[in-house]
Amino acid sequence: MQHELIRKSEANRRAAQLSEADRAAFTWDAAATALDGLSEGGLNIAHEAVDRHAQGAARDRVAIRWLGRDGARRDLTYGDLAQETARFAGLLHHHGLQPGAHLFLLAGRVPELYVAALGALKAGLTVTPLFAAFGPEPIRMRMEIGAADVLVTTAALYQRKVADWRGELASLKAVIVLDGEAPDGCLSWSEEMAAVEPMEGCSPSRPDDVALIHFTSGTTGRPKGVLHVHQAVLAHAVTGRYALELGPGIIYWCTADPGWVTGTSYGLISPLVNGATMIVDEAEFDTGRWLDILADESVEVWYTAPTAIRRLMRAGPEAVEGRSYPRLRHMASVGEPLNPEGVLWGQKVFGMPFHDTWWQTETGAIMIANTAAMDIRPGAMGRAMPGVEAGVLARDADGSLRECGPGQTGELALRAGWPSMMRGYLGEEARYRKAFEDGWYLSGDLVTRDADGYFWFVGRADDLIKSAGHLIGPFEVENALIEHPAVAEAAAIGLPDETAGEIVRAYVALNPGYTPSQELEREIRGLARKRLGPAVAPREIAFIASLPKTRSGKIMRRLLKARELGLPEGDTSTLETEDTPARSATP
Ligand code: ATP
Ligand code: MG
């Protein structure tokens, strides 16, 4: 069902950072003049994010406002960050860790994590953030394929998850622990930081030097290690400004953990490059806490994920009433398809819609977005960002690629060459080459584009359901199910069927106050039939307490299918489990 357009006012349009005229005139070369650069053509993310601000008028501006789990608070100004990162860079060099060495991060969202990431970039090392909730095996596997030289972690995480196998990882030269007494064979952050000579300036990295290696979410299979270079900072700068409305002093909250690409690209680099003040919350998702942060910290721009939005919706209207958010002026979402219900809920509760953005670990930065000046079509991901050429491709009978017309479903592809494009999959050269064809990067996601250039998500190519000659995208089915007031979350998969090829089966998690019953199942199925027609509506609906999700909050449809068919579950290293709830934020 098409929802009504949400129109932006003239005042909204005028206040937006990206006008239609800016869009038309955009070139990456012109945008690059906004970066400082190093002498002789060098480029270093840490210089653009920290030092250039610390050397200017922004020295005393708060860069990171940290909110501890138990009520502690700490502000780090751009000047503080410049000093601390210079110390950490000095520490790394002092211990013989040279540019190009691989640093891994494994810690909760504490200020030192952010200092370590930026300090390592300053020193020319490559940085790989891991999610602190990973178990020993996923950590080990990632550090092995990434040939880790140094690990920054906490004493407890080290003892629980690393100490047992550390001796078997030959590449690992040093472990730095952020807190407490350093276990045997580890360096103490506080002792080392106090003793060391700070590094002067930044390592003279080149734009094409690898800066970050991120692992994908593992939604569709074994996580891939994705290589990104310092040049990516240009895309972080531009998209932060144009898609997220970031700018000097703007109070901004990205709810993602740096263990995922969103938490690094937009929870660290992009806000700092744009001179914003970013909120970092150490704690996990909690309805009251999150709404308090939005209100009490005067958040102006909020970047979160559909899974968090659905949890807030599920908490009911009472939970969100009684607070006001006078400074809030832009809300955006990423990581999963954003249901129209979520967009409309934002409009109702906060007086503004969520702005969907689409991108992947591989793209490094936002590629498609609803920007502040654009009217919102609930359910659409928005238009291609300036400087990004997005296409919808299908294969002809002879296997060659062609562009689809408006309304036709095809694979979302991006013209290769944008600054934050991935430069490799760690140890998987053939897979990397396969992702490019005819000058396009092929995303693996299926979409349609309408006549005005808005992209509509259909589903991941892997999740597409083929039933009685119809191609069915799970998103369409899930959107219809979620319209029912009892349904909090839904997932649709295809199950093999002798006559139809596949039939649609859906799983739904209910809102508080509803209990599973045959009657409710019939009612939800009836609504789906009305919305989707009998060919597309699910044949079966199962009630489930909660859907299996990655730790970054993405529904793992492949797992539902494997469980249903009794097949092996494949890589579950990123699966959210009871004792380590999802971070509720994105990709
Ligand atoms: P893996 O590649 O390991 O299976 P993943 O694709 O979930 O995991 P990420 O790179 O974290 O890993 O996520 C990118 C994917 O998330 C996209 O390809 C898309 O399927 C989904 N996604 C991100 N943003 C959106 C959005 N706005 N709408 C729909 N889907 C989105
Ligand atoms: Mg992927």
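Residues numbered from 1 in each chain as written. Chains lettered and ligands numbered in written order. Predicted model: local features only at pLDDT ≥ 70, side-chain atom pairs only at ≥ 80, totals over all residues. Heavy atoms only, no water.

Some points on the overall build of the protein
Counting its regular elements, the protein contains 19 helices and 28 strands. The C-alpha radius of gyration computed for the protein amounts to 23 Å, which stays within 12% of the reference 25 Å derived for 587 residues, consistent with globular compactness. Along the first, second and third principal axes, the C-alpha set of the protein runs to 70 × 60 × 55 Å. Taken across its 587 residues, the protein has 63% of its residues classed as buried. (Helix = DSSP H or I, 4+ residues; strand = E, 2+ residues; numbered from the N terminus. Rg over C-alpha atoms; globule rule 2.2 N^0.38 Å. Buried < 20%, exposed > 50% of the residue type's maximum accessible area, 1.4 Å probe, protein only.)

Thoughts on the site of ligand 1
Near ligand 1 there are 23 residues, and of these Thr216, Gly218, Thr219, Thr220 and Thr361 occur at the shortest range. A distance of 2.4 Å is found between an oxygen atom of ligand 1 and a side-chain nitrogen or oxygen belonging to Thr219. Against a free-state accessible area of 630 Å², the protein chains account for coverage of 98% of ligand 1. The pocket occupied by ligand 1, as judged from atoms lying within 2 Å of grid points, is the largest pocket. Counting residues per element, the ones that place at least two in the shell around ligand 1 are β14 (354-358) and β23 (455-460). Considering every element that reaches the shell around ligand 1, the biggest residue donor is β14, with 3 residues. (Near = heavy atom within 4 Å. Polar contact = N/O pair within 3.5 Å; in protein donor to acceptor, adjacent residues only side chain to side chain. Areas by Shrake-Rupley, 256 points an atom, 1.4 Å probe, with all protein chains shown as cover. 1 Å grid on protein atoms, 1.4 Å probe; cavity = no way out; pocket = protein on both sides within 12 Å on 5 of 7 lines; lining within 4 Å. Sits in = over half its atoms within 2 Å of the grid points.)

Thoughts on the nonpolar core
Counting residues in each nonpolar core, the largest one holds 107 residues, and the members touching the most others are Phe88, Leu103 and Tyr303. Counting residues in hydrophobic clusters, the runner-up holds 27 residues, among them Leu291, Ile309, Leu312 and Tyr325. (Core = buried A, V, L, I, M, F, W, Y, C linked by side-chain atoms within 4.5 Å.)

Looking at the domain arrangement of the protein
It is common to report an interface's size as the accessible area lost on association of the parts. Each assigned domain of the protein is listed with its residue range as follows: domain 1 (10-387) and domain 2 (464-565). Computed from C-alpha atoms alone, the centre-to-centre distance between domain 1 and domain 2 is 34 Å. The interface of domain 1 with domain 2 comprises 20 residues on the first partner and 19 residues on the second. Note on domain 1 versus domain 2: buried area summed over both sides is about 1,800 Å², and carbon and sulfur give 52% of it. Looking at the side of domain 1 facing domain 2, the largest losses of area belong to Thr219, Arg310 and Arg314, adding up to 33% of the total buried there. Two residues, Glu489 and Arg310, come together in a salt bridge whose shortest N-O distance is 2.6 Å. (Domains from an automatic or database assignment. Contact = heavy atoms within 4.5 Å. Buried area = accessible area lost by both parts, 1.4 Å probe. Salt bridge = Lys/Arg side-chain N within 4 Å of Asp/Glu carboxyl O.)

A short note on the pattern of salt bridges
Applying the stated criterion to the full structure yields 39 salt bridges. The salt bridge involving Arg140 is made with Glu144; its shortest N-O contact spans 3.0 Å. Highlighted residues: Arg140 and Glu144, both in helix α7 (residues 136-145), separated by 4 residues, approximately one helical turn. Glu144 gets classed as partly exposed once you look at its relative accessible area, which sits at 42%. Residues Arg449 and Glu403 are paired through a salt bridge, measuring 3.5 Å at the closest nitrogen-oxygen approach. Of this pair, Arg449 sits in strand β22 (residues 440-449) while Glu403 sits in strand β18 (residues 401-403); the two residues are 46 residues apart in sequence, bridging distant segments of the chain. One network of salt bridges, with partners in common, ties together Arg7, Glu10, Arg13 and Asp375.

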